[in-house]
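Overview (structure and organization)
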There are 2 protein chains.
Amino acid sequence: MSVAGKATVGVDFGTESARAVLVDVGTGRELATAVHRYASGVIDQRLPGDGAPLAPDWALQDPDDYLDALGSTVRAVLAETGIDPSDVIGIGIDFTACTMLPVTSEGIPLCRIPELRPDPHSWVKLWKHHAAQPEADLINETAESRGDAWLDRYGRRTSSEWFFAKALQILDEAPAIYARADRLIEAADWVVWQLTGVETRNSCTAGYKALWSKQDGFPDRAFFEALAADFADVVDEKMSRDISSPGERAGLISADAAALTGLNVGTPVAVANVDAHVSVPAATVVTPGSLVAVMGTSTCHLALADVDRVVPGFCGVVEDGVIPGLFGYEAGQAAVGDMFAWFAEILARDGGSLDELHRSLERDAALLEPGESGLVALDWWNGNRSILVDAELTGLLMGATLATGPGEIYRALLESTVFGTRTIIETLEESGIGVDEMVVCGGLPFQNRLLMQLSADITGRPVRVAESRQAPALGSAMFAAVAAGPELGGYGSIVEASERMARLGEDEYLPNESTQPVYDDLYSIYKDLHDTMAGPSSGMRKLRSVQERARKQTVVPV
Amino acid sequence: MSVAGKATVGVDFGTESARAVLVDVGTGRELATAVHRYASGVIDQRLPGDGAPLAPDWALQDPDDYLDALGSTVRAVLAETGIDPSDVIGIGIDFTACTMLPVTSEGIPLCRIPELRPDPHSWVKLWKHHAAQPEADLINETAESRGDAWLDRYGRRTSSEWFFAKALQILDEAPAIYARADRLIEAADWVVWQLTGVETRNSCTAGYKALWSKQDGFPDRAFFEALAADFADVVDEKMSRDISSPGERAGLISADAAALTGLNVGTPVAVANVDAHVSVPAATVVTPGSLVAVMGTSTCHLALADVDRVVPGFCGVVEDGVIPGLFGYEAGQAAVGDMFAWFAEILARDGGSLDELHRSLERDAALLEPGESGLVALDWWNGNRSILVDAELTGLLMGATLATGPGEIYRALLESTVFGTRTIIETLEESGIGVDEMVVCGGLPFQNRLLMQLSADITGRPVRVAESRQAPALGSAMFAAVAAGPELGGYGSIVEASERMARLGEDEYLPNESTQPVYDDLYSIYKDLHDTMAGPSSGMRKLRSVQERARKQTVVPV
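The rules behind each value
- Residue numbers run consecutively from 1 along every chain, following the written order of its sequence.
- Written order decides the labels, with chains lettered from A and ligands numbered from 1.
- This being a predicted model, a pLDDT of at least 70 is required before a residue's local features are given, and a value of 80 or more before pairs of side-chain atoms are given or counted; all residues contribute to the totals for chains, interfaces and linings.
- Values shown for side chains rest on all heavy atoms present in the structure; no hydrogens or waters enter the calculation.
- Two residues form a contact once any of their heavy atoms are found within 4.5 Å.
- Accessible area that two parts lose when put together, evaluated with a 1.4 Å probe and summed over both, is termed the buried area.
- Salt bridges are defined as contacts in which a side-chain nitrogen from Lys or Arg sits within 4 Å of a carboxyl oxygen from Asp or Glu.
- Under the scheme used here, helices are H or I runs from DSSP no shorter than 4 residues and strands are E runs no shorter than 2 residues, and both carry numbers assigned from the N terminus.
- Ten residues, namely Ala, Val, Leu, Ile, Met, Phe, Trp, Tyr, Cys and Pro, are considered nonpolar, four, namely Asp, Glu, Lys and Arg, are considered charged, and the remaining ones, Gly among them, are considered polar.
- At least two bridges found by DSSP between two strands are what make those strands a pair.
- Orientation is described by axes fitted as lines to C-alpha atoms, over the contacting stretch for helices, and by angles from 0 to 180 degrees between their N-to-C directions.
- With the far helix as reference, a near helix turned anticlockwise by less than a right angle produces a left-handed crossing, and one turned clockwise produces a right-handed crossing.
- Here the copies are superposed with least squares, the fitted atoms being C-alpha atoms of residues at a pLDDT of at least 70 in both.

Quick word on the interface of chain A and chain B
With 54 residues of chain A at the contact, the number on the chain B side is 54 residues. Between chain A and chain B, roughly 4,100 Å² of surface is buried when both sides are summed, and carbon and sulfur atoms account for 67% of that area. At the boundary of chain A with chain B, the tally comes to four salt bridges. Residue Lys542(A) pairs with Asp528(B) through a salt bridge whose shortest N-O separation is 3.7 Å. Of all the secondary-structure elements, those providing two or more residues to the side of chain A that touches chain B are helix H11 (337-347), helix H12 (354-366), strand S17 (395-400), helix H13 (406-430), helix H18 (516-533) and helix H19 (539-554) of chain A. Residue composition of the side of chain A that touches chain B, by class: 28 nonpolar, 14 polar and 12 charged. In terms of strand pairing, S17(A) meets strand S17 (residues 395-400) of chain B through five bridges, oriented antiparallel. Among the inter-strand pairings, Leu397(A) is bridged to a residue of S17(B), identified as Leu397(B).

Some points on the environment of Asp94(A)
All names here are of chain A. The topology assignment puts Asp 94 in strand S5 (residues 88-95). With 88 residues separating them along the chain, Asp 94 and Lys 6 place their C-alpha atoms 21 Å apart. Sequence-distant contacts of Asp 94, that is, excluding residues within four places in its chain, are made with Val 11, Asp 12, Phe 13, Asn 273, Val 274, Asp 275, Val 278, Pro 472, Ala 473 and Ser 476.

Let's talk about the packing of helix H2 (residues 133-146) of chain B against helix H3 (residues 163-173) of chain B
All names here are of chain B. Contact pair H2 / H3: the axes reach a minimum separation of 8 Å and the direction vectors enclose 115 degrees. H3 is crossed by H2, and the crossing has right-handed handedness. From H2, Glu 135, Ala 136, Leu 138 and Ile 139 reach across to H3, where they touch Phe 164, Ala 165, Leu 168, Gln 169, Asp 172 and Glu 173.

Describing the sheet that holds strand S20 (residues 504-509) of chain A
Residues and elements named next belong to chain A. Here we have seven strands laid out as an open sheet, ordered S14-S15-S13-S12-S18-S19-S20, and mixed in their pairing. Of all strands in the sheet, those with a lone pairing partner are strand S14 (316-319) and S20, marking the two edges. The average angle at which neighbouring strand axes cross in this sheet is 25 degrees, direction not considered. Pairing of strand S18 (residues 437-441) with strand S19 (residues 463-466) involves three bridges; the strand directions are parallel. Counted as the bridge partner of Met 438 is Val 463 from S19. Most of the contacts of helix H10 (residues 275-282) go to strand S13 (residues 299-305), to which it runs at about 55 degrees, and overall it touches strand S12 (290-295), S13, strand S15 (327-333), S18 and S19.

Section: the relation of the copies chain A and chain B
Laying chain A over chain B is done by rotating through 180 degrees and shifting 0.1 Å along the axis; what remains is an RMSD of 0.1 Å. Interpreted geometrically, this transformation is the action of a two-fold axis. Looking at the interface residues of chain A, 100% of them are also at the interface in chain B, so both copies use one shared face.

Have a look at this one:
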């Protein structure tokens, strides 16, 4: 088998833009990259064209922005390299999730239909649409009271960001839209449908966002009926029980899609995937033992195992969710880079370069010895996702004196996020899933070397950095090579693709043994605070309820 | 009795400078003010003239700076007004304390004697000289093990800043200096000695800094002997058991002092006093029921009562210590304005006007409703003086989110210092000493109106502001009028002087009833955190010991 001269395309659909990368299948070398910002971006104020104003927690997108981005970025990477489209043996995509929309049986988005367009519920609900909290609460209460076993797989709490909360919000608030929706579908699967003309559903979003498991399928009809009578058959009426694994071939490029992208008709298209999850093989990880951290404004953690365990406070465990044949465990930290940015913005209130400020803070912080600052923080500036699954928790800084400087606070914030990572690792290990190393990708590892060294020192594990700065798009291109298969010059499995196409960078951070005793002490102080403040009647919780009452009193009725 | 045209001088000896004010005895009107900075300021690096380098916790002064300041400021206020010195019927002074020095039997400072001058122990030990901690520890342990009852009067812990710790440090480290010191004396009393030629000792420094009480005098000989054999007779050998109350006449201006100051020979001189304590009558307070807060970088609290009570965590209770005939209770907060300045300096790391920054932060903070920030802080950036008497405690901020702004943090810091004041008020009331109002003076009340309103809202008590911006100097001038007495055109008591010479300003801050429930809730959260973190094995204490170990490891041996 020779793959010389063959390439695949991976397209990563992010929150503000999409990025395509054209990758040499034999080596994983990235031949060209193109980025396209969505014209309407995140729609959270009012619908495009002075449409209806949106309530505070809403976040929508325009599905046609995805097609514009798809066409323009794929055409751009083809044009930049001058590659013969017949040498492009596959395309794969990954997406934010759960990002979902209502469409007709032909796949036409309801927001494209003039009489439905003014209704916000006809648009794409972006992952960070948080207006379905009442529906999420109902889902949690119902599953809890019924004793549904699947709740264990999700840390015993599902999120308002997920599929059924969003779907149920459509039924609750816009029953006419719900009735017109022949299909409710992840945007990831919808884009693949637009590429192939064939509707497929991927196991990653089904498992992590729609309560599906390979073993048990979706929750039973009685569960959905308990949520709402008209919701009883949501799966059979508007979704599908036919779920495909990552790396499977969803179909072939259609004539319409060829016209849109410049790819040849008949080019294989991989089943869709989620941005964080597709990064795992792109970071060289295809077997148990590593914790992959996709680090940016927030961090998503993924670990593989050949055993099915209940891990408290994790976002989900899905068989075939990341790598076929393995269980993928997902955890998260709700604010990481966002916390460091918050502090820099506090300091830079009178202007100045944030980048330079971050560098200067990192320099100051790096001069300190572990423990020297006398500070410990709880990294809950945006609540705690894992392992407490509690958005109401808040940040805390302890140990300040008149001698405390900005570099010391910055270092305490960095350390606190790694203490948070350590709770995730220890929880995995207590559940019988070993973690021997961290492999990191995303933007943060390239911006903050101190954070990487602290990650090694505080977790006591080596930290390796994926070489690619666009791991999701590379991962999608790798799955495209698997969808193409060996017969077209691709690979037989994602494991093989990862071995050939993914690499670690030269940077490797080894734990400094001499720092272990101090960090063990600091972590134990962090963990005590963590457990105390997460308690049911902690001062932190009382404070939050005082704040909520104060806010209600200051709201002026319109 | 007529006092028309009669004036007195008050001189306030601060840390960096001295300030004289010439005051109309009939009205309290301030006729002229003069300030003189000490040439050597605070001596904390090396002795003047490239003398011996000093260890980190040392802080000395040159007693001749006091005489220079005394002469130049008194001459300046006389010259500016052109007053006939015969119309100046008295002079009084107040001082930082405990600020003490070794002198000969003639009152000559040992540091003025050439062969002793190179020894740092021959100089004045300023109040913030903290190098006598081992001696303070020994004093506390000795009193504790002996079961000395007087320890109750000082919150069961004495400070390294106080008289006997400093005196014992001289004996420990420089026995030759100790032997040469015929007298060990507060700088306040030494300056009065220089004015009158007569050695006196004032009850305020004796009571608050030298363990003296009107009832029991000094600790017994066995106590001092237990500290060190050569220390057994320190009181009888080098001090005096003849203690004068505030407002008594110490003596009359000598010929030398007349030459120095321009005052007439024979002008009455009041017994010396302490800056914070002399502010009480200057803030119109001469009876029980008010808490006087002298607010600046730190805050000193003083309350009067006609009963003698043990108040946990107070700095001291002294009969006749503030107003003759009453018990004066002293408490303190170690960082107040210093905490706000710390935050402004963190923000202004790249320069900019601190004053403008404070104003802008105060504006932003004032827009918030109580509880709206979702933040609570522990005001321990410089440890906790009252009611915990623990310098090892540190600051804490709880409730931060990505939406938290600088104005919210600033308000939380302001509120935290008032929560600290509320613990002091509640402790007083639990001990049976009622507090119906706060009367404030010092620099902060004129700089931060929001802090004043918060003080009223959080304590639930009216806050009134002394009119004078130089309350200590005014207070000294008032005691000078008492030392002069009615026969010379002064007053028969400090109560009478206060009624005639002291005034409140127009600003008065009344508690806003509607904020009480929220502040009661926030205070209860603060108090729970306060009690938890002050506990013997709190995370805050563990963190401090981690920091201490880390610092020891990073010290490079010289």
